[in-house]
Amino acid sequence: MKLLDRYILTKFLFNFFSSFAILMLIFIFQTIWLYIGDLAGKGLDLEIIGKFIFYFMPSLIDKVLPLTVVLSSILTFGTLAENYEFAAMKASGISLQRAMRTIIIFVLFLGVVAFFFANNVAPAAAHKIYNLKRNIGNVKPAAIIAEGIFSDFEGMNIKVDKKSGENDRFLENIIIHKKSNNVISNVVIKAKKGELVSSEDSDIVQLILKDGNYYEDVQSKNSKTKLKVPFAKAKFNEYIINIQLTDMSDQDLEEDRNVDTEKMKKVSRLIVDIDSIRNDNIKTIKAFSKNISIRAGAFKSDYGYKKPKPMLDEASKKETPNNKQKEVVKDTVTYTGDIASLYNESMQLQLYSSAHSATTNVLSSVSARKKELDIKYQRYNIHILALHSKYALAFSCIILFFVGAPLGAIIRKGGMGLPMVIAIILFLAYYFLGVFVGNSAKVGKIPPALAAWIPTLVMLPLGVFLTIRATNDKGLITFGDIIYLIKKQFTKNSKTKTNGK
């Protein structure tokens with residue numbers, strides 16, 4: 001029995017590591033293809049490109065590992081069934097669960113390793129790759145200036161529509177937002193064409209802009225002056241910006257920057273940050289609600305409600321015999337539950353106008369803050385999703401094994417043909433379901449804690465179903481099985497009617 005366990009485990013490990021190497025190589029080539037525009041032709045040596053790929057590999061584990069588990073389990077048990085080894089084991093009294101025992105232990109260990117990678121290795125690698133890209137941008141500006149998006153570089157946000165020429169030195173349709181000391185962009189530069197000019201002997205690169213306009217928001221302490229001169233504008237044929245870069249030999253490409261995203265955090269840090277973000281959001285909502293309540297004129301807790309005195313018309317007033325004091329006739333206005341009815345017509349119009357103005361201001365304030373609050377809660381949801389995804393990755397390896405192993409025993413096919421197709425279909429269903437629910441969870445449509453587990457929970461009943469079918473020597477549901485179930489249902493209904501008559 002131990003010899004059989006070793007045989008099955010050896011076969012599975014061979015399929016696992018060979019599949020992992022092939023799939024990792026495929027995903028690495030995909031990564032190179034995606035970032036080839038940022039790496040090629042930028043004057044970067046092979047060592048830097050190799051570091052970039054090496055740091056990017058841990059981020060592929062969440063894609064490669066589940067697919068590897070499915071493929072290797074299908075290959076192992078498909079080969080055993082195809083060569084009638086599985087039939088021989090069943091004839092000897094060895095069940096499917098008994099044959100999977102040693103591999104189950106390995107898969108449990110693999111789940112622990114997957115969690116370790118997701119919690120320790122992947123965040124450190126994400127931090128390294130971020131700093132590497134930033135430091136490469138300081139040395140090679142063309143490497144960080146991307147097409148079609150704003151790129152943060154040396155205190156400026158630069159956007160270009162197109163890059164061309166040697167080392168991407170020629171730029172088209174340039175927009176630059178320059179930041180001041182208080183991190184406020186008050187200068188905007190637009191140019192139709194530009195060129196990056198550098199020299200090997202100098203650490204200064206010149207950004208030459210041609211045929212453009214210069215806009216600057218004039219900051220003035222005097223409010224009257226600020227209203228008179230809101231901004232300055234200048235047109236230029238050529239404008240040169242000198243940017244000092246760090247020499248490649250002096251720049252430490254491994255230099256760390258204190259930048260943290262949810263991908264760069266461990267479980268312990270995510271738990272602390274989730275609690276901190278939640279408390280911050282609650283404080284923001286309370287402060288905003290209090291401000292809105294004050295502006296809307298809501299009742300304050302420290303003041304009791306005072307019933308307003310009725311404002312009566314002149315005709316409802318009588319003069320006293322002394323003609324010195326006017327007495328108000330009581331009970332001339334009946335209170336019907338509408339506060340406005342306590343006032344005369346002119347005061348009612350003012351009351352409605354004031355209420356409309358206050359409501360409009362409140363709605364404008366809510367609309368203005370809605371985007372900011374949505375971003376805060378989206379950040380909160382992303383952190384929760386990242387936390388539970390680390391745990392879900394470990395359990396997904398275990399669940400997907402119980403999908404692939406019985407499926408291989410059912411289809412009875414080895415090799416890289418049909419098993420590869422089936423494994424890719426299962427993985428795509430698992431992966432795209434995760435992407436869909438993840439995007440929905442970020443905007444608050446699905447609870448983020450649930451969204452991280454949905455792909456695994458969907459695969460769980462499939463694994464149970466396939467395991468039961470394989471244990472009972474049944475194949476997948478075919479068209480004949482569906483016809484049999486329909487006939488069985490009709491037969492049952494007809495018997496029920498006959499007994500009723």
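Since the model is a prediction, treat every value here as computed from it, not as a measurement. (Residues numbered from 1 in each chain as written. Predicted model: local features only at pLDDT ≥ 70, side-chain atom pairs only at ≥ 80, totals over all residues. Heavy atoms only, no water.)

### A closer look at the overall build of the protein
Part 1: Scanning the protein for helices and strands turns up 14 helices and 8 strands.
Part 2: Looking at the 501 residues of the protein, the share that counts as buried comes to 35%.
Part 3: Counting only contacts in the protein whose residues sit at least 6 apart along the sequence, the fraction spanning at least 24 positions is 68%.
Part 4: A total accessible area of about 31,100 Å² is found for the protein, and carbon and sulfur atoms account for 60% of it. (Helix = DSSP H or I, 4+ residues; strand = E, 2+ residues; numbered from the N terminus. Buried < 20%, exposed > 50% of the residue type's maximum accessible area, 1.4 Å probe, protein only. Contact = heavy atoms within 4.5 Å. Areas by Shrake-Rupley, 256 points an atom, 1.4 Å probe, with all protein chains shown as cover.)

### What about the environment of G111?
Part 1: Residue placement: G111 occurs in helix 6 (residues 101-139).
Part 2: We classify G111 as buried; its relative accessible area is 5%.
Part 3: When the C-alpha positions of G111 and A394 are compared, they lie 4.2 Å apart, and in sequence the two are 283 residues distant.

### Thoughts on helix 2 (residues 46-56)
Part 1: Residues of helix 2 that are buried include every one of I48, F52, I53, Y55 and F56, and no others. Down the axis, helix 2 shows its buried residues gathered within 165° of arc, on one side only. Set apart from the buried face of helix 2 by more than 90 degrees, the exposed residues are L46, E47 and F54. (Arc of directions from axis to C-beta.)

### Section: the confidence of the model for the protein
Parts of the model with low pLDDT should not have their predicted coordinates read in detail.
Part 1: Model confidence for the protein is summarised by a mean pLDDT of 76, while 71% of its residues fall at 70 or above.
Part 2: Per-element averaging of pLDDT across the protein places strand 8 (residues 326-328) at the bottom with 46 and helix 12 (residues 448-451) at the top with 89.
Part 3: Low pLDDT, under 50, characterises residues 246-256; the predicted model gives this stretch 25 contacts beyond four residues in sequence or across chains. (pLDDT = per-residue confidence, 0-100.)

### Quick look at the packing of aromatic side chains
Part 1: The full count for this structure, using the stated rule, is 15 aromatic pairs.
Part 2: Ring centres 5.7 Å apart and planes at 20° place the aromatic pair F427 and Y431 in the stacked group. Linking F427 with Y431, this pair stays in helix 11 (residues 418-442), spanning 4 residues, or about one helical turn.
Part 3: With relative accessibility at 8%, the residue F427 sits in the buried group.
Part 4: Ring pairing ties together the aromatic residues F12, F16, F17, F20, F106, F401 and F402, which thus form one cluster. (Phe/Tyr/Trp six-rings, centres within 6.5 Å; stacked < 30°, edge-to-face > 60°.)

### Topic: the nonpolar core
Part 1: Formed by 60 residues in total, the largest nonpolar core has its most connected members in F77 and F401.
Part 2: The residues touching F77, leaving out its near neighbours within four places in the chain, are L96, A99, M100, I103, F401, A405, G408 and A409.
Part 3: Among the nonpolar cores identified, the runner-up in size contains 17 residues, and M156, L171, I189 and I243 belong to it. (Core = buried A, V, L, I, M, F, W, Y, C linked by side-chain atoms within 4.5 Å.)

### A short note on helix 3 (residues 61-82)
Part 1: Compared with the 32 Å implied by 1.5 Å per residue over 22 residues, the 30 Å span of helix 3 between its first and last C-alpha is a close match.
Part 2: Within helix 3, 20 of the 22 residues are buried, which leaves the element mostly enclosed by the surrounding structure.
Part 3: Positive backbone phi, at 60°, marks Y84, one or two positions downstream of helix 3. (Expected span 1.5 Å × (residues − 1).)

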